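# Summary of structural features
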Amino acid sequence: MKVLIVGSGGREHAIGWKIKQDNPSVELFFSMGNAGTAEIGENIGISDLEELKDFAKNNKIDLTIVGPEMELVDGIVDIFEAEGLKIFGPNQKAAELEGSKVFAKDFMEKHGVKTAFAKSFRHFVDARDYLNTIEEFPVVIKASGLAAGKGVVIVQNNDEAQEVIRDMMNDKTFGDAGTQVVIEQFLEGFECSILSIYNGKEIVPFISAKDHKKIGEGETGLNTGGMGVVAPNPLFTDAHFEAFKKDILEPTQKGLAAEGLDFAGVIFFGLMVNESGVYLLEYNVRFGDPETEAVLPLMNSDLLEIIEKAVNGESFEVSWKNQHTCCVVLASGGYPLNYDKGFEIKGLDRVNVPLFIAGAQKTEDAIVTSGGRVLNVVGIGDSLEQARKSAYDNIAKINFDYAYFREDIGKV
């Protein structure tokens, strides 16, 4: 069997790794891939969607799995399906659940999904005037479009809020992503991530995870794509899970059917949990990164078999190990702002736990850094503390110039 995985990060390496664990004979191809994916498959230098479609046809690819959100929003699934190619991910219409926060918020409210109160704006003046009516801060301002996980800002007062909407809507800090904004009630509580797979009829949730988004320890500093994850989330109880199913998963499932959003792919639920219940902050419609790197090593089931069943509209179940993972991201100094590239990474051969490359490429005689988030080290243990110790013991074996990581991933 031949499988094409679209993307070049730690998420795509983890997906390929899991498929190879369960199906050693599968041929893997990655677009564009990285130094890690090159060890388990073939990296192809194609990113154009039409050219990828031609590659899949000409090389008789049996299944394509899409990692990043941009390709989904740009319609890769529609392009492949028009040629009769099997592909795992939402079509362009359904991808708006992630591609447009305005679309997603309207969907939540229309179908009774429990979420924070919010209003959407396409004109700066209207957003400005609404902010002047708000008496209680903080509030959350979100750029509606894709902003690489960085288009969400919590503001503490009206002056801050006015500056943020001016940056987003007038100065285009996030490009076209800020053409529309969502101004949302701020919710206290703790965040939780739940990946799931949708087969066009039912949503099957994975175990929970806890992401650490900020660059600094103690959740301080700038937002990043994610500095580490633990799974399962130690704060998320069985009662929380039941509330999630009742108030979020089931209304989402009914809403997808009502809207005719029929696809096989991932639905990622970004949650906020407090005394009033479980609230949905956002949908993503692809595997989260780095949540995927923490969750897949705990999966007993065959991921490829699950994805194939979902694509065929068949039912499936997922089983999990009764263990914990702690994924620590090793980043380039300066990330998420300016950072240098091209530093040799040493010590990778000494690591004895799952290790997923994110921003590194292979040269003739070395593996060198090529991105902000460079790699993910995943400790596994019978307790969260064991998993944390394993992750940090192994990350200490790796070094490159200006390497940076948080030392508090998994502390609650």
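Notes on the structure follow. Model, not experiment: these values are computed from the prediction. (Residues numbered from 1 in each chain as written. Predicted model: local features only at pLDDT ≥ 70, side-chain atom pairs only at ≥ 80, totals over all residues. Heavy atoms only, no water.)

Before going further, it helps to spend a moment on the environment of Thr325. Among the structural elements, Thr325 can be located in strand 15 (residues 324-332). Note: C-alpha distance between Thr325 and Gln386 (61 residues apart in sequence) is 8.8 Å. Setting aside its immediate chain neighbours within four residues, Thr325 contacts Val229, Val230, Ala231, Ala294, Pro297, Leu298, Val378, Gly379, Ile380, Leu384 and Ala387. At a separation of 2.7 Å, a polar atom in the side chain of Thr325 contacts the main-chain carbonyl oxygen of Ala294. (Helix = DSSP H or I, 4+ residues; strand = E, 2+ residues; numbered from the N terminus. Contact = heavy atoms within 4.5 Å. Polar contact = N/O pair within 3.5 Å; in protein donor to acceptor, adjacent residues only side chain to side chain.)

The subject of this paragraph is the packing of aromatic side chains. Any two aromatic rings considered together are summarised by their centre-to-centre distance and by the angle between their planes. Summed over the entire model, instances satisfying the criterion amount to 14 aromatic pairs. Judged by centre distance (5.1 Å) and plane angle (70°), the ring pair of Tyr198 and Phe263 falls under edge-to-face. Placement of Tyr198 in strand 10 (residues 190-198) and of Phe263 in the loop between helix 10 (238-259) and strand 13 (265-274) is noted, with a sequence separation of 65 residues between them. Judged by relative accessible area, Tyr198 falls into the buried class, the value being 1%. One cation-aromatic arrangement involves Lys114 over Tyr279; the distance from NZ or CZ to the ring centre is 4.9 Å. (Phe/Tyr/Trp six-rings, centres within 6.5 Å; stacked < 30°, edge-to-face > 60°. Buried < 20%, exposed > 50% of the residue type's maximum accessible area, 1.4 Å probe, protein only. Lys NZ or Arg CZ within 6 Å of the ring centre and 35° of its normal.)

It is worth spelling out the state of the cysteines at this point. Each disulfide consists of a covalent bond between the sulfur atoms of two cysteine residues. A full pass over the atoms with the stated rule returns 0 disulfides. Cys192 takes part in no disulfide bond, and the closest cysteine sulfur, belonging to Cys326, lies 16 Å away. Here Cys192 falls in the buried class, since its relative accessible area comes to 2%. For Cys327, which is in no disulfide, the shortest distance to another cysteine sulfur is to Cys326 and amounts to 7.5 Å. (Disulfide = S-S within 2.5 Å.)

What follows is about the nonpolar core. In this structure, Leu52, Ile76, Phe244, Leu256, Phe269, Leu271 and Tyr283 are the most contacted members of the largest nonpolar core, which totals 45 residues. In this structure Phe269 touches Cys192, Ser193, Ile194, Ser196, Ile203, Phe244, Ile248, Leu249, Thr252, Leu280, Glu282 and Tyr283, once residues within four positions along its chain are discounted. Of all hydrophobic cores here, the second largest spans 40 residues; its members include Ala14, Leu28, Phe206 and Val378. (Core = buried A, V, L, I, M, F, W, Y, C linked by side-chain atoms within 4.5 Å.)

In this section: the pairing of strand 10. Most of strand 10 is tucked away: 8 of the 9 residues are buried. As paired elements, strand 10 and strand 13 share 9 bridges and run antiparallel to each other. Residue pairing for strand 13: Phe190 is matched across the bridge by Val273. Bridge count for strand 10 against strand 11 (residues 203-216) is 5 bridges, and the pairing is antiparallel. (Pairing = 2+ DSSP bridges.)

Consecutive side chains of a regular strand alternate in pointing toward one face of the sheet and then the other. Burial within strand 11 is extensive, with 12 of its 14 residues counted as buried. Hairpin connection of strand 10 to strand 11: 4 residues between the antiparallel strands, including Gly200 at a positive phi of 95°. The sheet contact formed by strand 11 and strand 12 (residues 220-231) spans 5 bridges and is antiparallel. Following the sheet pairing, Gly216 is matched in strand 12 by Thr220. The loop that links strand 11 with its antiparallel partner strand 12 comprises 3 residues; one of these, Gly218, has a positive phi angle of about 75°.

A separate point is unusual backbone geometry. Following Phe137, the chain continues into Pro138 via a peptide bond in cis, with omega recorded as 5°. Inspection of the secondary structure assignment puts Pro138 in the loop between helix 8 (124-131) and strand 7 (139-143). Cis rather than trans, the peptide bond between Ala231 and Pro232 has omega equal to -10°. Of note in the backbone geometry, Lys60 takes a positive phi value of approximately 55° without being a glycine. Along the chain, Lys60 turns up in the loop between helix 3 (49-58) and strand 4 (63-66). On the accessibility criterion, Lys60 (65% relative accessible area) is exposed. Positive phi, normally seen in glycine, also occurs at Tyr402, with a value near 65°. Looking at Tyr402, the relative accessible area reads 59%, which means it is exposed.

Read these as layout, nothing more, since geometry by itself doesn't imply function.
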